[in-house]
Every structure is written in structure tokens, then in C-alpha cells.
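Listed below are the residues making up each chain.
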Amino acid sequence: MKLKAARNELIEVAQGLRTADVYIKGGTVINVYSGEFLSHNIAIYKDSIAYVGEDEASIGPETKIIDAHGMFVSPGFIEPHAHPWVFYNPVSQTEKVLPLGTTTTVNDNLFFYLKMGAKGFKEMLFDLKELPGNFLWLIRLISQADYPGERDWFNQKDVQELLQLDEVAGTAEVTRWPLLYHGDPFLLDTVEVTKKMGKVVDGHNAGCSYEKLNSIAASGVSACHEAITTQEALNRLRLGLWTTLRNSSLRPDLSEIIKLITEGSVNTNRILMTTDGPHPGFIEKEGFVDGLVRQAVELGVPAMTALQMVTLNAATYLRLDDYIGGIAPGKRADILLLPNLVDFRPSMVIAGGEIVAEKGELKVSLPPIRWDKYRVSEPFAFPKSVLERPELYAYPHANSKEPVPVIYFRSNVITQRKNMEIPSINGYADLSEQEGLVYTALIDREGQWVTRGMMERFAVHLDGMASTYNTTAELLVVGRKPEAMAKAAARVHEMGGGIVIVDGDSIILEIPLPLLGMMIPDSSFKVAVDFHDKLLSAVQERGFPFHDILYTLLFLTCDFLPGLRIIPYGLYDVKTDEIVLPATSLPMFAENKGK
């Protein structure tokens, strides 16, 4: 991280030999280093803090004086584990969370890299340098679902080249953590290279036992945010992992895992907090990092401790505490004015020495981004007509007396295999009289393969839905009526990516996601909120029984959560590590290609 202010300039401001650009006067400074609340003033020069104390010698005729009487002056909040692709995009995420006090976000690059490659991703990073605040990245080493050619795409040269970038803080979570447990050579080599660079290795170890967690810690992973019980959090802390307490739309776990602090006596220096990529509606209602602090304090954590977890602790974990995470001379001037220590909503946000938000309103412009210029391929490599034939979505089933595997939803994202006897007509499963079952198909956007399945307890009255929003970013199609599924899929093809729901012969909702098939290009966060709320309402009206449709879609196509999944290689039983129905060549592709 580079600062604009030279060290000699900051020294001169501190001594009153040079005037400050901004002087914050009369507030109560939250000193996260000492754990004290101090009646100090702050002198800012360019993007940095030059002085903290009672002296006013650096005030000059051109110095902007900010009256902070009655205010608590806090370091800017840090989100160490963000996913800026949950309908919103990096720009719209910033538009929303910067006024809420999050001045640093550390972001997962998964879908940007999947669809842009190393070259396009680097071009995007260059353009995003104009964003206010600190916008940092973590680099994926592998995808969230294995697919043909994955290891060629996530190759050592490209990955390590990205890791060297100044904007990159380290490696992103390896969701398929058994690869680390079994000592995957590429992962271990890259972890070692990352550590030699002095950067972090983020982790994701859902369901990992204490014994197995020993191996994960030994592999070089620095942190984990996947604890869902107090004991799991304690296990991570005891094994030397930075322990990140999560409260997100899919996993609102903070009320349970915060007991690590409120009912224990642990050292909190290596404890962080994260929102872990919540859906837009969650952020709109609960806030971002400000919401984490607010809830932690409501649950009994001292305000100073809660603030340290999202400032100094996070900066220290990221190895950036020489630059961010506290209010002290030589640090970047990321500063919040908080009216109280109850709701933690700032009345003013300063990022890099500039007032960027006041009373919840952004005061700076956001860079216009031409997202399409980074894409390395067309959204679909085949014509729309391929998707218009209903038989594409039928499940092959020749014998009615032979049980077939069905994806049964136990919860929002956890499934299990359920073997069922289903009628067969003309070699395909017939769901016309099967209440609660729907067809599903995952279709390669390059036109090479299709995986088919059936699901129970998804949305029992859904005629047809198609979505490129999923872990693979391929085309996922779901429904009880193949004709409606075909119409939804064809419309998504026309849009170049997105989500479409069809009732009968009518399109009742469409959400264009032309940005990598995952994101809305609009810079307004409200647009993402409105689309999300309409989608959730539409699927719940059609029988979806859970609270987070985006993560259900996202993880249905992954290969690391229990139990039966639809992935590029076929219908996959995670528990038995078995492909129960292989993917097949995409029908009709050859005759339609190029038309």
C-alpha cells in the first residue's frame, strides 16, 4: 500500500512547520492500540495522518477544520473477506458500504478470473484504482467446482503473477479444503510462494474436525471464517488460525459464535469479523461491517473490543497495520465520526484524507466502468435454438421400477441423495403427477456438455427458471415444465446472462446479469436490492421454503458441500465421491453450431 504523503512532509506537519490540509478537532479518539478513549485532535496531510494530540500548531489559514465535539473518532472499518459479485458489483458495493464506514474491502476474485482470465482481471484492477477507499483482492487458486480444463485455467504462471500485484493481499479461500488436507502439490507450492511474498492465505474449512484442522493449519492457511459454533471457533483460535466470526445472509451465526468472547476468556487479538458476501437485501437491512459491530456490542462485547476486531486486528492479519487499522501518525487517514457507540453509523467518512460520505450519503463520484471490455469470450458459444427444445431438460429414465437419485434439499444449501421410484415415459422421467419434484439441467455455455437431475423441496410450483448465477456461472435451468424451462433458458441466452422465471408461457421476472452472468452492471446498489427482493419473493411464492435464494443457486453446482450436486461432470454424490449420472454431450449442438 502506497501513501501520497511523504514522510518528511508528515514530520513537518507534526511539528507545526507545515500546515495540515484537514484538522479534526474536539472529538473522542478511539485508540485501538492502547484501548483508550482520548480527547485528542487529528491533523491530516494529503492522504495520511500527521499528528494526534492536543497541539494546534499545524492549523493554517487554508486548513479545513472539522468540529468533532460530541463525536467518537474511529478508524475506518475493514471487511477482510468480501465477495463483490452477489448481484452487486465492485462499484455498487462501494457506493453502499463506504458511507456505512467500511473504508477497506478485501475481495474475492473468483468470477472475474473465471470469465476474464488474468489479462482481463488486471485491466479491471487498473480501472478500479479510481474507486474511493481501499479496494484490495484475494486470488483464487482453484474454482469452487472442478471442471474440464480447470487446472489449465488456474495455472501457476497466471496465479502467481496476480499474487505479485500491489492490490492483492494474498490467496482467497480454498473451498475444496480436502485438497489441502491431502497435500495437493500446486496448492501447497502456491501457498509457500504467497508466504514468501509476505501475504495472507485465506481459508474455508466448513465441517472440518479438530483433527483434520491440524493438517489445514500445517498446510499454511492463515485464517478461517467457517466456524458455526463456539467450539469450532475456539478450535481455530487454538490452532493458530486467525478466527473470523461471520454474520451473513446465508449464515447469520454471530449470536452463537460471539460466545467465544462473551462467555469465554480468550485473547481477542486474533479474532476478526466478516459479512462474507451477503445478498443485497441483507446489507440494506442489517448493514455491512457497521452491522457486525452493532450486533457484537448488543450481544455483550465491549465497544472497544468490537471495534478492534474490525480495524486493528483485521489490518494486522492482512499485514497492513503499518498503513491502516488505527489512528496514529504515518497511517492512512481512513477515519469515521461516530455520533454514538450504539448504532455505529458514521455521520462522516474520511477515506485517504478526503471526505467521501456524510450522513449516509456518498459525496464523491464513482468511476464509470466498461465491464464488457474485460470479457474474453461471448456469453454463449451456440445459438439460442439449442435451448428451445423441451426434451433438452428431460431426465433419462428407461425403467419405472428402477429408483433414481433425486437432490433433496435439507436446508438452504445442504442437500442429500434420495432414491425414488418415478414413472417413465418414452425413456424419460415423468414428473407430471409427482408433486414437489422439478427437473434441473446444468448446460455448458461453450456448448460441450449438459448435466441433468431432479430435485425435491426446491420450489414445488415453479414452471421454469434459468440462471447463470451459480458457482460454475454456466446455465442452470430448473422447473416442473420443460416447455417453460426452455423459454426461460432461451431468454437468458438473449440477455447474455441473467435469471428468468416463467409461468406457463409468460415471463414473469427477468434479471439481466450481463456482467459475467453474475452481476448487475449498474453502479446503484438499490438496483441490486430491488432485483434481489423481487427474485426472492417470486420463488417463495412458488414454494421455495428457504431464506436465501442466491446462495441456494450458487452452491447447487459446487462439489464441496453435502450431498447430491449437479456439476460439470454429472450428477455428483459428494458423500460417496461418485458421479451417479455422467454429463452428456449437449444434444443438437452440432447441427445448430454456427447458424
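Right above here is the structure, for reference.
Here the structure is a predicted model, which means the values were calculated and not measured.

1. Observations regarding the overall build of the protein
Part 1 of the argument: In terms of helices and strands, the protein carries 19 helices and 33 strands.
Part 2 of the argument: In terms of overall dimensions, the protein is globule-like: its C-alpha atoms have a radius of gyration of 25 Å, near the 25 Å expected for 595 residues.
Part 3 of the argument: Principal-axis analysis of the C-alpha atoms gives the protein an extent of 90 × 50 × 45 Å.
Part 4 of the argument: Partitioning the contacts of the protein with sequence separation of at least 6, the portion at a separation of at least 24 is 69%.
Part 5 of the argument: Carbon together with sulfur atoms contributes 48% to the accessible area of the protein, which is approximately 22100 Å² in total.
Part 6 of the argument: Across the protein, the mean location of the 57 positive side-chain charges is 2 Å away from that of the 75 negative side-chain charges.

2. Observations regarding the sheet that holds strand S5 (residues 48-53)
Sheet strands pair via backbone hydrogen bonds, and the direction of the pair is either parallel or antiparallel.
Part 1 of the argument: Ordered in space as S5-S4-S1-S6, the 4 strands form an open sheet in which the pairing is mixed. Since the sheet does not close on itself, it has two edges, and those belong to S5 and strand S6 (64-67), each with one partner. Averaged over all neighbouring strand pairs, the angle between strand axes comes to 20°, with direction disregarded.
Part 2 of the argument: Bridge count between strand S1 (residues 22-25) and S6: 4 bridges; the pairing is parallel. Looking at S6, one finds that Ile 24 is bridged to Ile 66.
Part 3 of the argument: Across the sheet, helix H1 (residues 7-14) touches strand S4 (41-45) and S5, and the angle it forms with S5 is around 25°.

3. A short note on the pattern of salt bridges
Part 1 of the argument: Under the defined criterion, the tally for this structure stands at 36 salt bridges.
Part 2 of the argument: Close ionic contact of Arg 332 with Asp 334 constitutes a salt bridge, the shortest N to O distance being 2.9 Å.
Part 3 of the argument: Judged by its relative accessible area of 12%, Arg 332 is buried.
Part 4 of the argument: Here Glu 578 ties to Arg 417 by a salt bridge, and the two come within 3.6 Å at their closest N and O atoms. In this pair, Glu 578 is assigned in strand S32 (residues 578-582) and Arg 417 in strand S21 (residues 415-420), connecting sequence segments 161 residues apart.
Part 5 of the argument: Arg 417 gets classed as partly exposed once you look at its relative accessible area, which sits at 32%.
Part 6 of the argument: If you follow the salt bridges from partner to partner, you end up with Glu 226, Arg 246, Arg 251, Asp 253 and Asp 276 in one network.

4. Examining the environment of Tyr 147
Part 1 of the argument: Among the secondary structure elements, Tyr 147 is positioned in the loop between strand S10 (134-139) and helix H4 (150-153).
Part 2 of the argument: It is 8.5 Å that separates the C-alpha atoms of Tyr 147 and Thr 472, two residues lying 325 residues apart in sequence.
Part 3 of the argument: Beyond its immediate stretch of four places on either side in the chain, Tyr 147 contacts Leu 114, Trp 153, Phe 154, Pro 568 and Tyr 569.

5. Regarding the packing of helix H3 (residues 110-128) against helix H5 (residues 156-163)
A pair of packed helices can be characterised by two numbers: the angle between their axes and the separation between those axes.
Part 1 of the argument: Closest axis-to-axis distance for the H3/H5 pair is 10 Å, and the angle between their directions is 60°. Taken together, the axes of H3 and H5 lie oblique to each other. Regarding H3 and H5, the two cross each other, and that crossing is left-handed. Taken together, the residues of H5 that come into contact with H3 (itself represented by Tyr 113, Ala 118, Phe 121 and Lys 122) are Asp 158, Glu 161 and Leu 162.
Part 2 of the argument: Residue composition of the contact of H3 with H5, by class: 4 nonpolar, no polar and 3 charged.

6. Considering the packing of aromatic side chains
Part 1 of the argument: Under the defined criterion, the tally for this structure stands at 18 aromatic pairs.
Part 2 of the argument: Consider the rings of Phe 380 and Phe 382, whose centres lie 5.7 Å apart with planes at 75°: the pair is edge-to-face.
Part 3 of the argument: When its relative accessible area of 9% is taken as the criterion, Phe 380 is described as buried.
Part 4 of the argument: Considering the side-chain rings of Phe 544 and Phe 546, the 5.6 Å spacing of their centres and the 80° angle between planes classify their relative orientation as edge-to-face. Considered together, Phe 544 and Phe 546 belong to a single accessibility category, that of buried residues.
Part 5 of the argument: Site record: aromatic cluster; members linked through ring pairs are Phe 112, Phe 121, Phe 135 and Trp 137.
Part 6 of the argument: Geometry around Tyr 181 places Lys 212 over its ring, the cationic atom sitting 5.6 Å from the centre.

7. Quick word on the side chain of Arg 565
Part 1 of the argument: Among the structural elements, Arg 565 can be located in strand S30 (residues 564-567).
Part 2 of the argument: Although Arg 565 is buried, it makes no salt bridge; Asp 559 carries the closest opposite charge, 8.7 Å away.
Part 3 of the argument: Here the side chain of Arg 565 touches Val 413 through a polar contact of 2.4 Å, landing on its backbone oxygen.
Part 4 of the argument: If we ignore the near neighbours within four places in the chain, the residues touching Arg 565 are Ile 407, Val 413, Ile 414, Thr 415, Phe 555, Leu 556, Cys 558, Gly 570, Leu 571, Tyr 572 and Val 574.

Conventions we followed
Residues numbered from 1 in each chain as written. Predicted model: local features only at pLDDT ≥ 70, side-chain atom pairs only at ≥ 80, totals over all residues. Heavy atoms only, no water. Helix = DSSP H or I, 4+ residues; strand = E, 2+ residues; numbered from the N terminus. Rg over C-alpha atoms; globule rule 2.2 N^0.38 Å. Contact = heavy atoms within 4.5 Å. Areas by Shrake-Rupley, 256 points an atom, 1.4 Å probe, with all protein chains shown as cover. Lys, Arg positive; Asp, Glu negative; His and termini not counted. Charge placed at Lys NZ, Arg CZ, Asp CG, Glu CD. Pairing = 2+ DSSP bridges. Axes fitted to C-alpha atoms, helices over the stretch in contact; angles between N-to-C directions. Salt bridge = Lys/Arg side-chain N within 4 Å of Asp/Glu carboxyl O. Buried < 20%, exposed > 50% of the residue type's maximum accessible area, 1.4 Å probe, protein only. Parallel < 35°, antiparallel > 145°, perpendicular 65-115°, else oblique. Left-handed = near helix turned anticlockwise from the far one by under 90°. Nonpolar A, V, L, I, M, F, W, Y, C, P; charged D, E, K, R; others polar. Phe/Tyr/Trp six-rings, centres within 6.5 Å; stacked < 30°, edge-to-face > 60°. Lys NZ or Arg CZ within 6 Å of the ring centre and 35° of its normal. Polar contact = N/O pair within 3.5 Å; in protein donor to acceptor, adjacent residues only side chain to side chain.

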